Amino acid sequence: MQTYHSISAEVYNLDKPIGSSFGDVEYYSQRLSHVKGKILEPAVGTGRILIPLLEQGLAIEGFDLSEEMLAYCRNNLKMANKEANIFLANMETFQSEQQYEAIIIPAGTFLLIDDDEKAFHILTNFYHHLESNGRLIVDLFLQPDFSEGSSHYRTFTNNQCELITLQVTQSEINYINQTTTSHHRYDKWKDGKCIESEFEIFTLKWYAINEFKRLLMQVGFRDIVISADYCYQQYPTNRNQVITFEAVK
């Protein structure tokens, strides 16, 4: 699974600050509004969704594979005057005696699991960490506009007035494994000089809708609801929509 390093975590925090939403913050707030027990957000990142849910009064905690992302999350929690249990962990090997009423994986993060066997083990792990009748909510998306060899740039300015450039090159699409691979080059500039660089290989998987539904059923989930673009029970009708699966243990 892809992990965010120093500059990439900084860019994520700049690009998607706490309070920003793609419709997902409102959707998860509504779908979880009646939850009384514990909620877990694996791959919590900077806390973009966790903190609004905390502010709603929900008992949510989270973990991430990236210590750099967790550092931003801790700082964002401090600025929001909120507290939460956040910790370093891996989706596949995470173990806890705590059971959760809901586990959420927003924003397509599950697609970073690019191996079928690992994906099955991770979903099974989440299943075992849910209470009876607990819910798993997962966002997925397709990647119809991926074009091998295409490239684009983005720029960001941090609080230290340093310029960060990001070059994204769409490198390879693998139709057999259902993955896309992009190369991300980060450069940080100060007074016209490059002071730090990072390179990452970013691989995402995609699933057909019925394929992922069968995977959830194979794990043992039931009562699976499929929604599009954060409209509950509105079934997807085109390839560009965000697809949310909600399943019950």
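Residues numbered from 1 in each chain as written. Predicted model: local features only at pLDDT ≥ 70, side-chain atom pairs only at ≥ 80, totals over all residues. Heavy atoms only, no water.

Colleague: Help me understand the sheet that holds strand E1 (residues 38–42) in this model?
Modeller: The strands that make up a sheet pair up through hydrogen bonds in the backbone, lying either parallel or antiparallel. An order of E3-E2-E1-E4-E5-E11-E10 is seen for the 7 strands of this open sheet, with the pairing classed as mixed. Since the sheet does not close on itself, it has two edges, and those belong to strand E3 (86–88) and strand E10 (222–228), each with one partner. Strand-to-strand, the axes of this sheet are offset by a mean angle of 15°, without reference to chain direction. For strand E4 (residues 100–105) and strand E5 (residues 130–140), the ladder comprises 5 bridges, and the chain directions are parallel. Paired with Ile 103 across the two strands is Leu 136, which belongs to E5. Lying on the sheet, helix H5 (residues 116–128) is in contact with E1, E4 and E5; it crosses E5 at an angle near 145°. Across the sheet, helix H6 (residues 209–219) is in contact with E5, E10 and strand E11 (243–248); its angle to E11 comes to roughly 20°. (Pairing = 2+ DSSP bridges. Helix = DSSP H or I, 4+ residues; strand = E, 2+ residues; numbered from the N terminus. Axes fitted to C-alpha atoms, helices over the stretch in contact; angles between N-to-C directions. Contact = heavy atoms within 4.5 Å.)

Colleague: Would you mind going over unusual backbone geometry with me for this structure?
Modeller: As a rule of thumb, non-glycine residues mostly have phi less than zero, and peptide bonds are mostly trans rather than cis. The residue Ala 43 is not glycine, and still its phi comes out positive at about 55°. Residue placement: Ala 43 occurs in the loop between E1 and helix H3 (50–55). The class for Ala 43 is buried, based on a relative accessible area of 18%. The backbone of Asn 81 shows a phi angle near 60°, a positive value even though the residue is not glycine. Looking at where Asn 81 falls in the secondary structure, it is placed in the loop between helix H4 (67–79) and E3. (Buried < 20%, exposed > 50% of the residue type's maximum accessible area, 1.4 Å probe, protein only.)

Colleague: Can you walk me through the pattern of salt bridges in this structure?
Modeller: Side chains that differ in charge, positive against negative, can pair when their charged atoms come close. The full count for this structure, using the stated rule, is 13 salt bridges. For Lys 188, the salt bridge is made with Glu 10, and the minimal N-O distance between the two is 2.8 Å. Residue Lys 188 is located in strand E8 (residues 179–190), and its partner Glu 10 is located in helix H1 (residues 6–15); the two are separated by 178 residues in the primary sequence. Grouping residues by exposure puts Lys 188 and Glu 10 together as buried. For Arg 222, the salt bridge goes to Asp 223, with nearest N and O atoms at 2.6 Å. The partly exposed category is assigned to Arg 222, whose relative accessible area is 34%. (Salt bridge = Lys/Arg side-chain N within 4 Å of Asp/Glu carboxyl O.)

Colleague: Explanation requested: the sheet that holds strand E7 (residues 163–174) in the structure shown.
Modeller: If you walk across this open sheet you meet the 4 strands as E6-E7-E8-E9, and the pairing is antiparallel. The strands lining the two open edges of the sheet, one partner per strand, are strand E6 (151–157) and strand E9 (193–205). Taken over all neighbouring pairs, the strand axes of this sheet differ in orientation by 20° on average, direction set aside. As paired strands, E6 and E7 are joined by 7 bridges and run antiparallel to one another. Of the residues in E7, the one forming a bridge with Thr 155 is Thr 165. Contacts from H1 reach E6, E7, E8 and E9 within the one sheet, and its direction differs from that of E9 by about 80°.

Colleague: It is not clear to me how the packing of H1 against H4 should be interpreted in this structure. Could you clarify?
Modeller: Packed helices, taken two at a time, are described by the angle between their axes plus the distance between the axes. Taken N-terminus to C-terminus, the directions of H1 and H4 make an angle of 35°; their axes are 8 Å apart at the nearest point. Handedness of the crossing formed by H1 with H4: right-handed. Mapping the contact onto sequence places Ser 6, Ala 9, Glu 10, Tyr 12 and Asn 13 in H1 and Glu 68, Met 69, Tyr 72 and Asn 76 in H4. (Left-handed = near helix turned anticlockwise from the far one by under 90°.)

Colleague: Mind showing me how you'd approach the packing of H5 against H6 here?
Modeller: One way to put it is that H5 packs onto H6 with a least axis distance of 9 Å and a crossing angle of 50°. Regarding the angle of H5 to H6, the classification is oblique. Along this stretch, H5 crosses H6, giving a crossing that reads as right-handed. Listed contacts from H6 to Phe 120, Leu 123, Thr 124 and Tyr 127 of H5 are Phe 212, Leu 215, Leu 216, Gln 218 and Val 219. A breakdown of the residues in the contact of H5 with H6 according to their chemical character gives 7 nonpolar, 2 polar and no charged. (Parallel < 35°, antiparallel > 145°, perpendicular 65-115°, else oblique. Nonpolar A, V, L, I, M, F, W, Y, C, P; charged D, E, K, R; others polar.)

By themselves, these figures tell us nothing about what the structure is for.
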